[in-house]
Amino acid sequence: MNDKFFIQAGALLGALAVALGAFGAHALKAMLETNGRADTFETAVKYQFYHAIGLVLVGILLQNCAVNAERFYNWSGYAFLVGVVIFSGSLYTICFTGIRAFGAIAPIGGTLMIIGWVLLLLAAGKK
């Protein structure tokens, strides 16, 4: 089962989101504001943290789920994880490099995060 993996991945992403948020608010604040990227950085951190919580939730739900729901929970967790890496990762990359072309990648991650929530909905409907 992937319950432990998703809980650990969510916890790691959550810890990183708090650390990056604090780093961005203090050490990077001037650079982000000068480049007009403070909002972009904040969006990346927020979505990372929301989906870290979602991953922990998926891991907890996997522990006692019905057999026919397990597949949906697993795919939900993977969609959250890959979605965060692509979405938040592309936004962080824009902030640090200034290369706006990475903005074209962010919707792929956002789509995966949406798919993750839909899969979570489907899993919850299984008995």
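Rules used in this analysis
Residues numbered from 1 in each chain as written. Predicted model: local features only at pLDDT ≥ 70, side-chain atom pairs only at ≥ 80, totals over all residues. Heavy atoms only, no water. Core = buried A, V, L, I, M, F, W, Y, C linked by side-chain atoms within 4.5 Å. Buried < 20%, exposed > 50% of the residue type's maximum accessible area, 1.4 Å probe, protein only. Helix = DSSP H or I, 4+ residues; strand = E, 2+ residues; numbered from the N terminus. Contact = heavy atoms within 4.5 Å. Expected span 1.5 Å × (residues − 1). Salt bridge = Lys/Arg side-chain N within 4 Å of Asp/Glu carboxyl O.

Let us now look at the nonpolar core. One finds Leu13, Phe41, Leu55, Val58, Tyr73 and Leu91 to be the most contacted residues of the largest nonpolar core, which totals 29 residues. Only helix H1 (3–25), helix H3 (38–62), helix H4 (67–97) and helix H5 (106–124) provide two or more residues apiece to this core. Residue contributions to this core peak at 11 residues, all from H4. Setting aside its immediate chain neighbours within four residues, Val58 contacts Phe6, Tyr73, Ser76, Gly77, Phe80 and Leu120.

What follows is about the environment of Leu91. Position of Leu91 relative to the elements: it lies in helix H4. Residue classification places Leu91 among the buried residues on the basis of a relative accessible area of 10%. For Leu91 and Glu42, which are 49 residues apart along the polypeptide, the C-alpha to C-alpha distance reads 9.4 Å. Here Leu91 is in contact with Thr40, Thr43, Ala44 and Ala106, once residues within four sequence places are set aside.

With 31 residues, H4 ought to run about 45 Å at 1.5 Å a step, and its terminal C-alpha atoms sit 45 Å apart, in line with that. After H4 finishes, the residue Gly98 shows a positive phi value of roughly 80 degrees.

Here Asn74 lies in helix H4. Take Asn74: its relative accessible area is 14%, and that puts it in the buried class. Residues in contact with Asn74, not counting those within four places in the same chain, are Asn2, Phe6 and Leu62.

Checked against the element boundaries, Ala44 lands in helix H3. In this structure the C-alpha to C-alpha distance between Ala44 and Ser90, which are 46 residues apart in sequence, comes to 8.5 Å. If we ignore the near neighbours within four places in the chain, the residues touching Ala44 are Ser88, Leu91 and Tyr92.

Moving on: the pattern of salt bridges. Side chains that differ in sign of charge can pair as their charged atoms come close. The tally for this structure, following the rule as stated, stands at 1 salt bridge. A salt bridge links Lys46 to Glu42, with the shortest nitrogen-to-oxygen separation between them at 3.9 Å. Note that Lys46 and Glu42 are positioned in helix H3 at a spacing of 4 residues, about one turn of the helix. You can call Lys46 partly exposed: its relative accessible area is 35%.

Keep in mind these numbers describe shape, not what the thing actually does.
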